[in-house]
Every structure is written in C-alpha cells, then in structure tokens.
Amino acid sequence: MPTADILEWLKALGGPLVALAVLFWTWFFNRWQIRHALYDRRHAIYVAFQDLLLALPEKGDNEIKAALRKASMARFEAPFLLGDDPKIKAYLDQLCKQVTDDVIANIMFRDAVNDAAAMRNNPQAVADFTARVSRLGAAKLDIPDRHLRELPQQFARFLKL
C-alpha cells in the first residue's frame, strides 16, 4: 500500500479516533465525579454520627443536642445515599434512640429538677435525680465506647471510591 493511501486513511480516521478518545475520557471523568460526590455525601453522614459520639463525653449539653439534631437529619438522608440497606438504617435508628433515651432524656430531667426548687426538698426526687445523673454520666461514656468501634465497620462498604 502506497504511503499516500496510508496518510489518507490516517487523516480520515484521525478525527473519529480523537472524538472517541474524548468521549471515553469524558465518560470516565463523569463517572469518577459522580462516585466522588456520592462518597462526599456518604462521608458527611458518617462524620455527623462520629461527631455525635465524640461530643457525648467531651461537650456541653447544648452542643450534644446540636450534634444529635445534625445526626438525626443525616439519618433521614441515609436511605437516599446508602440505599435501602435495613442493617445500616436499623443501626442509625438505634444509635439515635439510645442517645435520645439515655442522654437527652436525662439532661432534660436534670434541668427540670434543677429549675424546680420544691423538688430539691423531696427525698424521692433527690434519689431519682441522683440516679438519673449517674445514668447520664455512664451513658455519655458507654455509648461512644460501644459505637466508635462499630460505626466505621457499619460504613466501611459505603465509603469506598
């Protein structure tokens, strides 16, 4: 085959080959970008729950309540970003319920008793107050202890690029 024919073929195929290469590169980049955006949004859910667990022993009551609100909002986004996985949904629901029942409820009880001066003279109220404050302190340490190890395991398959 003469050189002129080869050059004609290369000229004819050059444009489509470049277009095909650009199409492939665009497809690959968009796929990577979508996966990265999904990873970022999934990671935000993970971080909201990690921040909640870290806030329990270290932060004040208002900061714990704010962290729980943020985690609860992230929990509602989870089905859209993590799929309809019943295991992760049940885990996140259970974690929010534990914090609400064992921490927030005891904080609210403690604050109510502190605000009611008449309750301080009632021996039963003082005993209940002492028990609830003790449970509050234990929960602030126990919940992070149990869940800081499990949280990464629950999210491991969702946080891969």
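Remember, predicted model here, so these are calculated numbers, not experimental data.

> So what about the pattern of salt bridges? Which residues, and what values?
Taken as a whole, this structure holds nine salt bridges when the rule is applied. Two residues, K70 and D51, come together in a salt bridge whose shortest N-O distance is 4.0 Å. Here K70, found in helix 2 (residues 61-82), pairs with D51, found in helix 1 (residues 3-58); they are 19 residues apart in sequence, far enough to count as distant. The partner of K89 in a salt bridge is D93, with the nearest N and O atoms 2.9 Å apart. Of this pair, K89 and D93 both sit in helix 3 (residues 86-115), four residues apart, which is roughly one turn of the helix. One salt-bridge network, held together by shared partners, links D61, R110, D111 and K140.

> Requested: an account of the side chain of Q154, with residues and values cited.
Inspection of the secondary structure assignment puts Q154 in helix 4 (residues 123-155). Taking the relative accessible area as the measure of exposure, Q154 reaches 13% and is therefore buried. If we ignore the near neighbours within four places in the chain, the residues touching Q154 are K87, I88 and Y91.

Criteria and thresholds
Residues numbered from 1 in each chain as written. Predicted model: local features only at pLDDT ≥ 70, side-chain atom pairs only at ≥ 80, totals over all residues. Heavy atoms only, no water. Salt bridge = Lys/Arg side-chain N within 4 Å of Asp/Glu carboxyl O. Helix = DSSP H or I, 4+ residues; strand = E, 2+ residues; numbered from the N terminus. Buried < 20%, exposed > 50% of the residue type's maximum accessible area, 1.4 Å probe, protein only. Contact = heavy atoms within 4.5 Å.

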